[in-house]
Every structure is written in C-alpha cells, then in structure tokens.
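The primary structure of each chain is shown beneath.
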Amino acid sequence: MRDGEEFEQKLVVLARIQNGSASPADHALAMAWGEQYRLDSLNSASPLDKWMMTVGGEIMGAWPFPATEGSNEKFTYEQILLFAVLYGKSDIENGLLEQFFGNHTGDFAPETADGLEMVKALATSVVIREAMALFGNSYPRDRTARCEMVPALRNELAELSNSFFNSLPPEADFTAACEELMLKSNR
C-alpha cells in the first residue's frame, strides 16, 4: 500500500472510531498503528527521552509514593528525582509554573526541586522552592488544594516562570547532567 493510500485508510478508520461506527477490526488497526508509532518514537528518541518513555512511564504509573531515599523498592531515589525533573521541566515549558502547579506534576514539586539540585541546577531549584513557598508553610501535595490557590498566585507564578527559564543551565549542560544521573540511577 502506498503512503497516500495508507494515510487515507487511517483517516477513514479514525473517522469511524470517532463517530462510533468502528468495527473490532478498526480498533485493532488503530491499536497496531499506535504501537508502531510508539516503537518508532522509541527507536528515534535520545537516550534521555528513551529513559522517560520507559522507566519514567513506569514511575508515573506507580505514583504517588513518598520519594525519600530507600522509600521505594522498585525505583531508586535518583530515578524518582530524574523523572520529577524531566517531567516537571516539560510541564513548565508547556504551560509555565501555573500549569505545573495546577497539574499533577505539582504533586512532586519537592522532588523536582531536589532533582534540580542533584543535576546542579541550583538556581532553578531555588525558583521552584520560591514558587512552592507561595502556597504556604506546608506545601500542599494535593492538586485540588493547589488549584484553588493558583488563580490568586497567577502574577507571582508568571514572574517566577521567567526566573525559572532565566536560571536554567545551558541545554547541553542540563542534558549532560541529566544523562549522568540517568546512568548513575540505572546501576
């Protein structure tokens, strides 16, 4: 089948899935396409992205758990912190600190700050801790509690978002530090 014909077939099958008229065979095709896309993505990903797609995905599935040294039998403390850094940074890049604290990524803001320290992004860790302090003396891990507070903190979070980006180490240095932690955590 040519690429154009395969694309047309995908459009037809996906349209049937959307309108509720798909057959079991349509669903099986869509699942196979999704799995092939995942495998292609995994094969072409950087080592850090591959780690996030595999180990990071497993950590996400096991969340929530307390992230203290020796607190989890399946994941090392370093793996948990690396996950928090990579996922947290991604969420902040997508929607700034307001999104980070409004989403479940904010549940592990303390681990994000600790992980940033571990990869030597000390100034960036300070920004996360300053943002956490906006929520009071006892940081609320509960998303619902944070979401009630986020609108009133919008301006402060926007300012701290700028500080976050200005404090990040150069991308090559940040990636190298994360890859070093990844290698250390996989031993």
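Residues numbered from 1 in each chain as written. Predicted model: local features only at pLDDT ≥ 70, side-chain atom pairs only at ≥ 80, totals over all residues. Heavy atoms only, no water.

K.L.:
Outline the overall build of the protein, supporting the account with residue identities and numerical values.
P.N.:
Looking only at helices and strands, one finds eight helices and zero strands in the protein. The helix and strand sequence of the protein, counted from the amino end, reads α-α-α-α-α-α-α-α. The buried share among the 187 residues of the protein stands at 38%. (Helix = DSSP H or I, 4+ residues; strand = E, 2+ residues; numbered from the N terminus. Buried < 20%, exposed > 50% of the residue type's maximum accessible area, 1.4 Å probe, protein only.)

K.L.:
If you had to explain the nonpolar core to someone new, which residues and values would you point to?
P.N.:
Core analysis: the largest hydrophobic core is formed by 39 residues, its most contacted members being Trp51, Leu97, Phe101, Ile128, Phe174 and Cys178. For this core, the secondary structure elements donating two or more residues are helix 3 (47-62), helix 4 (77-102), helix 5 (109-118), helix 6 (122-133), helix 7 (143-167) and helix 8 (171-185). Other than its neighbours up to four places away in sequence, Phe174 contacts Val85, Lys89, Leu116, Val119, Ala121, Leu168 and Pro169. (Core = buried A, V, L, I, M, F, W, Y, C linked by side-chain atoms within 4.5 Å. Contact = heavy atoms within 4.5 Å.)

K.L.:
Go over helix 6, please, and point to the residues and values.
P.N.:
With 12 residues, helix 6 extends 17 Å from end C-alpha to end C-alpha; this agrees with the ideal 16 Å at 1.5 Å per step. Listing the buried residues of helix 6 in full gives Thr124, Ser125, Val127, Ile128, Ala131 and Met132. The arc that holds every buried residue of helix 6, seen down its axis, measures 155°, which confines them to one face. Residues of helix 6 that are buried sit in contact with helix 4, helix 5 and helix 7. (Expected span 1.5 Å × (residues − 1). Arc of directions from axis to C-beta.)

K.L.:
Quick rundown of the packing of helix 3 against helix 8? Include the residues and the values.
P.N.:
Interaxial distance between helix 3 and helix 8 falls to 10 Å at its minimum, and their mutual angle equals 50°. If you check the angle between helix 3 and helix 8, you find them oblique. The element helix 3 and its partner helix 8 pack so that their crossing is left-handed. Here Pro47, Leu48 and Trp51 of helix 3 lie close against helix 8, whose contacting residues are Thr175, Cys178, Glu179, Met182 and Ser185. (Axes fitted to C-alpha atoms, helices over the stretch in contact; angles between N-to-C directions. Parallel < 35°, antiparallel > 145°, perpendicular 65-115°, else oblique. Left-handed = near helix turned anticlockwise from the far one by under 90°.)

K.L.:
So what's going on with empty space enclosed by the protein? Which residues, and what values?
P.N.:
Taken as a whole and judged by the stated rule, the model has one cavity of 30 Å³ or more. Within this model, the largest cavity holds a volume of roughly 30 Å³. Forming the walls of the largest cavity are Val85, Gly88, Lys89, Ile92, Thr112, Leu116, Ile128, Phe164, Leu168 and Phe174. At the level of secondary structure, the elements contributing two or more residues to the lining of the largest cavity comprise helix 4 and helix 5. Considering only residue class, the lining of the largest cavity consists of seven nonpolar, two polar and one charged. (1 Å grid on protein atoms, 1.4 Å probe; cavity = no way out; pocket = protein on both sides within 12 Å on 5 of 7 lines; lining within 4 Å. Points joined across faces, edges and corners; volume = space filled by probe spheres on them. Nonpolar A, V, L, I, M, F, W, Y, C, P; charged D, E, K, R; others polar.)

K.L.:
Got a sec to walk through the side chain of Ser167? Specific residues and values, please.
P.N.:
By the secondary structure assignment, Ser167 is in helix 7. There is a polar contact of 2.9 Å between the side chain of Ser167 and the backbone oxygen of Phe164. Every residue in contact with Ser167, bar those within four places of it in the chain, is listed here: Ala123, Thr124 and Val127. (Polar contact = N/O pair within 3.5 Å; in protein donor to acceptor, adjacent residues only side chain to side chain.)

K.L.:
So what's going on with unusual backbone geometry? Which residues, and what values?
P.N.:
Backbone geometry places Leu96, a non-glycine residue, at a positive phi of 65°. Here the phi dihedral of Lys120 falls at roughly 65°; this positive angle occurs in a residue that is not glycine. Summarising the element assignment, Lys120 is placed in the loop between helix 5 and helix 6.

K.L.:
Now, about the pattern of salt bridges: what can you tell me, with residues and values included?
P.N.:
Across all of its chains, the model carries seven salt bridges by this definition. Across the pair Glu98 and Arg154 runs a salt bridge, and its minimum N-O distance is 2.8 Å. Here Glu98 is found in helix 4, whereas its partner Arg154 is found in helix 7, with 56 residues between them in sequence. A relative accessible area of 26% places Glu98 in the partly exposed class. According to the relative accessible area criterion, Arg154 is partly exposed, its value standing at 42%. (Salt bridge = Lys/Arg side-chain N within 4 Å of Asp/Glu carboxyl O.)

K.L.:
Explain the layout of surface pockets residue by residue, including any values.
P.N.:
Looking at the largest pocket, its volume works out to about 170 Å³. Where the lining of the largest pocket is concerned, the elements lending two or more residues are helix 3, helix 4 and helix 8. For the lining of the largest pocket, the class distribution of residues is four nonpolar, three polar and five charged.

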